[in-house]
Amino acid sequence: MLTNHKLRRRLGTCLAGLAAMALVGSMAAAPAQAETTEAAEDSKVLRIATDGFIDSFNPFTSFYLLPTNSFRYMYENLVNNSAEDAQPTEGLATEWDTDSEGKVWTYKMRPDMKWSDDEPLTSKDVAWTYNQMMEKDELSVANGGLVENFDKVEAPDDSTLVITLKNPQSNNPGQEIPVVPEHVWSKIDKPGEFKNDEKSVGSGPFQLESYEANKSVTLKSNPNFWRGEPKVDKIQYRYYTNSDAQVQAIRSGEVDFITGLSPEQFKAIEGADNVETNVGNGRRFQGISINSGVADAKNNEFGTGNEALKDKKVRQAIRAGIDIDTLRDQVLQDYGQPATSFIPSVYEKWALPADNPVVSGFDVEKAKKLLDEAGWKEGSDGIREKDGEKLELRFLTDADATTEQNTAKFLKPWMKDIGIMLKNEASDVDTVSERTTKGDYDMYFSGWSINPDPDYQLGINTCDSRPDADGNGGTSQDGYCSKDFDKLYEQQHVELDEKKRVDLVHQALAQHYEDTASITLWYPSQLEAFRSDRFTGFTKQPTDGGIIANQVGYWGYSSVEPVSAEDASGDGGGLGAGGWIGIAAAAIVVIGGGGFLISRRKKSDDRE
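Predicted model, so just to flag it, every value in this text is computed and none were measured.

### A few points about the sheet that holds strand E10 (residues 160-165)
Here is step 1: Spatially, 4 strands are ordered E5-E6-E10-E9 in an open sheet, and the strand pairing comes out antiparallel. Unpaired on one side and paired on the other, strand E5 (93-98) and strand E9 (150-157) mark the two borders of the sheet. Averaged over neighbouring strand pairs, the angle between their axes works out to 20° when direction is ignored.
Here is step 2: Summarising the sheet, strand E6 (residues 104-109) and E10 pair through 5 bridges and their orientation is antiparallel. Among the inter-strand pairings, Lys108 is bridged to a residue of E10, identified as Thr160.
Here is step 3: Each of E6, E9 and E10 is contacted by helix H4 (residues 123-135), which is oriented at about 160° to E9, the strand it contacts most.

Below, the structure written as structure tokens:
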């Protein structure tokens, strides 16, 4: 089996940081001269608003969204994902081949590459990186699952890398693993504990220059990047305490790019002076995870899930009782695509087709019939009962997430219509994370970002991927366990004929849909905006209707260039370079200036 992933959920409460919120009045009083000076100095600095959680910048251990996105800019993979459609394309390797059994993969390296510190980059760096992950548990935390099928990795010469697998593998094993320089990392005493949070050495278009917790992350362009040095000098992530402050910051010109906007924020910003918007078909799904009886990999059950949810008909009834189309229209304001499975439709080849026989829709009568068949009969108050117990379920949500709160408001009456009493339990994200890890829930709002090849996400839905009751060991999407699903996973994993593999993937997704371990609601559009008076040339992935941030690659920002002074002058609209510190109600966090403690929170969107 290849599914004993080393990824671990982390529950520690985020560190509080010293912070001060710069409010409207004081910001508006900023001297005009200072504004002009900072604007000129920043002409080649792309400023991005963020509230993303950072555990570390160690590519062997970190798996949160902001640092892992940074790794894609800092460390070139052996094989990259194309901007056009996210399919495998050249990275450190220019070409590759596999034997007829799919067990021996041979890569030809790009010649004359250098690390950002001018040292040569060869196949030996790749072999060293992979072997470290294979041999040391502390370096397999984030991506250990990707090398579990590796038997040995060799670099017979500087331009050749050979990966020999234990079992045949259909997806390219050279993807998604950041390659680090041996001459740097081999000298670190405890590489698993290394934060790597300043002056990194890498091969990607940008390198980490500095990191100040809860204030900023600065990446500097790499002149040795094999595709050529980027046209912007730096990327700077600036921290904001909430998304509304980020919206004000893009309006005022305080930042150049924001993403993750809510539909309300997106509509409010459309048409703003010098702001261009993007509705991207993203690689993320959102849905409702159901506690169908969580257990560890040895089948020892734990948690407080309602026994009723072990019955597939009850879970299917919940799906039939949710009007997902109305929910998508009302909650997302239609900024999302209809969903079938946990593989988004942006990966058209792998996604479960909407016309698959297993896919069903909103049907109240069907929901009631399923509950009847499960033995839950309607009581005098309309709530179903069985063996003296009422059918009452808890729905766990993030109190700060508008989408989750609005979803909960719709679900409560819909569930009552079919005879289920739904108790909405809103909490902070750390509590949600802790409770879901311990199985202390019935249903909760969930979401994942998915990579182009479905193997990983299928793998974390297998029985062996379940963690222990403390959340250690594997990483499971829903605590799902099905021998039929596992068999399909293993078959697709080794199937080299792509057409046959696609069919097996669809069968696995249909099995998951039928078992209803979770209910995928939609593939949300990624709503973004950037300052068109400052920068141009953002590359989307996929290039037709795709996203700029959170790509599986480094295309979004590495192609960006400053607009010319002539293009930027425009009519300004009063909020161009001259006004971008001013009017903001931005709550940008400032370290070192006194202030008060705030707690940085992790949320599901932080997770890769």
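### Digging into helix H3 (residues 65-74)
Here is step 1: Of all 10 residues in H3, 10 are buried, a share of seventy percent or more.
Here is step 2: Buried within H3 we find Leu65, Leu66, Pro67, Thr68, Asn69, Ser70, Phe71, Arg72, Tyr73 and Met74.
Here is step 3: Those residues of H3 hidden inside the fold are in contact with strand E2 (45-50), strand E11 (206-212), strand E12 (216-221), strand E13 (234-239) and helix H16 (555-558).

### Comments concerning unusual backbone geometry
Here is step 1: Here Gln541 and Pro542 are connected by a cis peptide whose omega angle stands at -5°.
Here is step 2: The topology assignment puts Pro542 in the loop between strand E25 (535-536) and H16.
Here is step 3: Notably, Ala86 is not glycine yet its phi reads approximately 65°, a positive angle.
Here is step 4: Locating Ala86 in the fold gives a position in the loop between strand E3 (79-81) and strand E4 (88-90).

### Topic: the packing of aromatic side chains
Here is step 1: This structure, assessed with the given rule, holds 20 aromatic pairs.
Here is step 2: Judged by centre distance (6.4 Å) and plane angle (55°), the rings of Phe71 and Tyr75 are tilted. The exposure classification of Phe71 matches that of Tyr75, with both residues buried.
Here is step 3: Between the aromatic rings of Tyr480 and Phe485, the centroid separation amounts to 5.4 Å while the plane-to-plane angle is 80°, which identifies the pairing as edge-to-face. Residues Tyr480 and Phe485 agree in their burial class; the two are buried.

### Here's the deal with the pairing of strand E21 (residues 392-398)
Here is step 1: Here E21 lies mainly inside the structure; 6 of its 7 residues are buried.
Here is step 2: Here 7 bridges tie E21 to strand E22 (residues 421-427), and the two strands are oriented parallel to one another. Within E22, the residue paired with Phe395 across the bridge is Asn424.
Here is step 3: Examined bridge by bridge, E21 and strand E23 (residues 443-449) share 2 bridges and lie parallel to one another.

Each value, and the rule that gives it
- Residues numbered from 1 in each chain as written.
- Predicted model: local features only at pLDDT ≥ 70, side-chain atom pairs only at ≥ 80, totals over all residues.
- Heavy atoms only, no water.
- Pairing = 2+ DSSP bridges.
- Helix = DSSP H or I, 4+ residues; strand = E, 2+ residues; numbered from the N terminus.
- Axes fitted to C-alpha atoms, helices over the stretch in contact; angles between N-to-C directions.
- Contact = heavy atoms within 4.5 Å.
- Buried < 20%, exposed > 50% of the residue type's maximum accessible area, 1.4 Å probe, protein only.
- Phe/Tyr/Trp six-rings, centres within 6.5 Å; stacked < 30°, edge-to-face > 60°.

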